[in-house]
Amino acid sequence: MGFVKQGGFHPGSILFSGLSESTGMALDQINFIVSQVVFLVLASILRTYLHPAKAKASTRHWFELLVGLLAGLFCFGRHAMHLLIMPGVCYIVIAQMNPKIMQRVTLIISLIYLSVLHLYRQIYDYGSSNVDITGPIMVMTQKVTSLAFSLHDGTTKSEEEMNRNQKFEAIRETPCLLSYFSYCLSFQTLMAGPSISYKTYIDFIEGKSIPVSNSISKKMDTETSNEPSPFYPVLYKVLTAAVCGVMFIFLGGYFPISGLKDSRFLVDAAIPFKFWYMYLCLAACRLKYYFAWMFADAICNNSGLGFNGYTENGKEKWDGVSNVDIFAFETGTNLKETIDAWNIRTNVWLRTVAYERAKKYPTLMTFGLSALWHGFYPGYYITFASGAIFTSAARIGRRHVRHFFLKTNELKAFYDVITLIITRLVITYITFPFVLLELGPSLQIYMRLYWCLHISAVALWVLGPFIIPKPNRPNQRNPGNVNVNQIENTLRQVGPITNSSS
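Residues numbered from 1 in each chain as written. Predicted model: local features only at pLDDT ≥ 70, side-chain atom pairs only at ≥ 80, totals over all residues. Heavy atoms only, no water.

1. Details of the overall build of the chain
Quick note on the threshold: Numbering of helices and strands starts at the N terminus; helices are DSSP runs of H or I of at least 4 residues and strands are runs of E of at least 2. Relative accessibility under 20% of the residue-type maximum defines a buried residue, over 50% an exposed one, and the middle range a partly exposed one, all with a 1.4 Å probe and only protein chains included. Throughout, a contact is declared for two residues whenever any of their heavy atoms are within 4.5 Å. All accessible-area figures derive from a Shrake-Rupley calculation using a 1.4 Å probe, and residue coverage is judged against the displayed protein chains alone.
Looking only at helices and strands, the chain has 22 helices and 0 strands in total. The buried share of the chain, taken over its 502 residues, is 47%. Sequence-distant contacts, at least 24 apart, represent 69% of the contacts inside the chain between residues at least 6 apart. Only carbon and sulfur atoms are counted for the fraction: they give 64% of the accessible area of the chain, which is about 25,600 Å².

2. Observations concerning the state of the cysteines
Here is the rule we go by: Cysteine sulfur atoms are paired as a disulfide whenever they come within 2.5 Å of each other.
Counted by the stated rule, this structure contains 0 disulfides. C285 takes part in no disulfide bond, and the closest cysteine sulfur to it belongs to C281, at a distance of 9.1 Å. Classification of C285 by relative accessible area gives buried; the value is 12%.

3. Digging into the nonpolar core
Quick note on the threshold: Put simply, a nonpolar core is a bunch of buried Ala, Val, Leu, Ile, Met, Phe, Trp, Tyr and Cys residues held in one set by side-chain atoms that sit within 4.5 Å of each other.
Core analysis: the largest hydrophobic core is formed by 102 residues, its most contacted members being Y180, F187, L260 and I445. At 16 residues, the largest contribution of residues to this core is made by helix α13 (residues 271–302).

4. Structural notes on the layout of surface pockets
Defined as follows: Two kinds of site are reported from a 1 Å grid over the protein atoms alone, namely cavities, where a 1.4 Å probe fits but cannot get out, and pockets, open sets with protein on both sides within 12 Å along at least five of seven lines, and residues are called lining when an atom falls within 4 Å of a point. Grid points are joined across faces, edges and corners, and a volume is the space filled by probe spheres set on the points. Gly counts as polar in this scheme, as do all residues outside two lists: the nonpolar Ala, Val, Leu, Ile, Met, Phe, Trp, Tyr, Cys and Pro, and the charged Asp, Glu, Lys and Arg.
The volume enclosed by the second largest pocket comes to roughly 1,000 Å³. Counting only elements with at least two residues in the lining of the second largest pocket, the list comes to α6 (134–156), α7 (164–169), α11 (231–254), α13, α14 (326–331) and α16 (344–355). No other element matches the 7 residues that α16 contributes to the lining of the second largest pocket. Looking at side-chain class alone, the lining of the second largest pocket contains 13 nonpolar, 15 polar and 12 charged residues.

5. A word on the packing of aromatic side chains
Put simply, the test is: Here the aromatic set is Phe, Tyr and Trp, taking the six-membered ring for Trp, and pairing holds for ring centres within 6.5 Å; pairs whose planes are under 30 degrees apart are stacked, those over 60 apart are edge-to-face, and all others are tilted.
Applying the stated criterion across every chain, the model contains 35 aromatic pairs. Look at W276 and Y279: their rings are 6.0 Å apart centre to centre, the planes differ by 20°, and that puts the pair in the stacked class. Of this pair, W276 and Y279 both sit in helix α13, 3 residues apart, which is roughly one turn of the helix. A relative accessible area of 49% places W276 in the partly exposed class. On the numbers, 5.6 Å between centres and 45° between planes, the contact of Y289 with W293 is tilted. Remark: W293 and Y289 occur in helix α13; sequence separation between them is 4 residues, near one turn of the helix. Residue classification places Y289 among the partly exposed positions, given a relative accessible area of 29%. Connected via pairs of aromatic rings, a cluster forms that spans Y126, F367, Y377, Y380, F384 and F434.

6. Section: the side chain of S197
Condition: By the criterion applied in these results, polar contacts are pairs of N or O atoms within 3.5 Å in which, for protein atoms, one can donate a hydrogen and the other can accept it, and in which residues neighboring in sequence qualify only through two side-chain atoms.
Among the structural elements, S197 can be located in the loop between α9 (187–190) and α10 (198–205). We classify S197 as buried; its relative accessible area is 11%. A polar contact is formed between the side chain of S197 and the side chain of E169, at a distance of 2.7 Å. For S197, the contacting residues outside a window of four places in its chain are E169 and Y183.

7. Some points on the environment of T23
Note on placement: T23 falls in helix α1 (residues 17–23). One polar contact links the side chain of T23 to the main-chain amide nitrogen of M25, over a distance of 3.4 Å.

8. Structural notes on unusual backbone geometry
Note that the residue after G193, namely P194, is joined by a cis bond; omega there is 0°. Mapped onto the elements, P194 comes out in the loop between α9 and α10. Positive phi is not limited to glycine here, since W451 has a value of about 50°. Mapped onto the secondary structure, W451 falls in the loop between α20 (439–448) and α21 (452–467).

9. Notes on the packing of helix α2 (residues 27–47) against α13
Threshold: The convention used is that axes are lines fitted to C-alpha atoms, helices contributing only their stretch in contact, and that angles between N-to-C directions extend from 0 to 180 degrees. When an angle is under 35 degrees it counts as roughly parallel; over 145 it counts as roughly antiparallel; between 65 and 115 it counts as roughly perpendicular; any other value is oblique.
The N-to-C vectors of α2 and α13 enclose an angle of 20°; their axes lie 7 Å apart at closest approach. Taken as axis vectors, α2 and α13 run roughly parallel relative to one another. For the pair α2 and α13, the contacting residues are F32, I33, Q36, V37, F39, L40, A43, S44 and R47 in the first and F291, A292, F295, A296, A298, I299, N301 and N302 in the second. Of the residues that constitute the contact of α2 with α13, the class distribution is 12 nonpolar, 4 polar and 1 charged.

10. Comments concerning α13
Note the threshold: To estimate how far a helix should extend, the number of its residues minus one is multiplied by 1.5 Å.
Counted at 1.5 Å a residue, the expected span for α13 with its 32 residues is 46 Å, and the 46 Å between its end C-alpha atoms agrees. Along α13, 24 of the 32 residues are buried, which leaves the element largely enclosed by surrounding structure. Directly after α13, the chain includes G304, whose backbone phi takes a positive value near 100°.

11. Here's the deal with α11
Counted only if it meets this: At every residue, the bend is computed as the angle between two fitted axes, covering the seven residues ending there and the seven beginning there respectively.
Look at α11: 35 Å from first C-alpha to last across 24 residues, which is about the 34 Å you get at 1.5 Å a residue. Of all the bends in α11, the greatest measures close to 30° and is centred on F248. Within α11, the full set of buried residues consists of P233, V234, K237, T240, A241, C244 and G245. On its buried side, α11 packs onto α2, α13 and α14.

12. Some details on the environment of I257
As for its placement among the helices and strands, I257 is situated in the loop between α11 and α12 (263–268). Once the C-alpha coordinates of I257 and L280 are considered, the two residues, 23 residues apart in sequence, prove to be 9.4 Å apart. Look past the residues within four positions of I257 in its chain and what remains in contact with it is C281, L282, V435 and L436.

13. Considering the environment of A341
Checked against the element boundaries, A341 lands in the loop between α15 (335–340) and α16. In this structure, the C-alpha to C-alpha distance between A341 and A328, residues 13 residues apart in sequence, is 6.0 Å. Not counting chain neighbours up to four residues away, the residues in contact with A341 comprise N323, V324, D325, A328 and F329.

14. Focus: the side chain of N343
Note that N343 resides in the loop between α15 and α16. Take N343: its relative accessible area is 11%, and that puts it in the buried class. Ignoring sequence-local partners within four residues, the contact set of N343 consists of W293, N323 and W373.

Don't take any of this as a statement about function, it's just geometry.
Rendered as structure tokens:
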């Protein structure tokens, strides 16, 4: 397995260099796709031949760890050492430091390590979209920090001090080295995520995340035919990923993000066309994320990871570790709903380590952590600063305006259409710097757009509460005509609410 020369920034295997030359695709992208296809096959082995009923947990841990290491060497060569160094340093902190402060130190160290890699890439490979070691380290940062916070919760807090999610994810003792590194390097989530909690991962390894036959605990060779099969969810996600990949190859050439810096776009195009062209460029760009995340989700499901219970109709749900809801993102009628459907597992991480723990300015702290986690391109900070402003403004707008349109079904439908269009405009407006990366061109586009939506958002944020009356709430305990008795009867029939997420 040859490797790129030491001077290259992407020192992965050159085994498929011929395929790269014949297809015109970059070698790092070829290696990424090959690794994911291999992972899909190996995931099936983990679910069948190495099923918890047939293999020990330690065997499954070693399989995850060794496959992850080999894949790291294949894709990143000598840079794969970071996959061991970064979690190794964090493990020392987690195992040795006072659990009252350990989680914060782990967060700081992992972010510093990741930041150094981001800066190194930004200096030597500025503006590229190549697949490099920073991607897996970003996912690993989420893993080690979420583990540290879960261990902090489990060892320093009482049940009353934790919310429901913290209780579910709490860890009572430090993991052993094997389970820790297996978690960090698990091949299903190594290349493109999703990041999952340590509790979810251990339940998967030990066979607690999927219902199995009653006799599994009695015989190691038990048949598992009564387990839900991931075949159709995996097939659907692989086909969806393939379609997104093909569409990206064709549309990416017609609507390159570099077109936003063209003088014909900046100077000559009218504002409506500017928005339309930006929307098409960003829609084409999103396709590569859809490809990576949907394929990664298929790999997880094919290994048995991601089963999330059943719907009311008894249909199996395999969205427990999904990283994107394409339909919800593309058709969301408000900013929060749309953001929540994008990079879902990262949103969960940001909420659990930042938003729920920030004593002041939780929204600002969350967007700040997200920007730092992504790197140091100016476009990231423009997008996340704008996101904080627009999120706050959208909350005020929804609180003060939405109730006017709930009187009839026709008004509600009209409101949904208008908010869908506005949300598309806002998402396009605030996210193009994230893809463009550069400060100068991003500011130049905003100036050509006269900062129109920024001004509108700030005006709504500052003046909205004074100009638009709040909805009439005569009884805060029972707003409107809610039938409290009916709700209580329903809750008695349903029983206690439990956390159904995997």
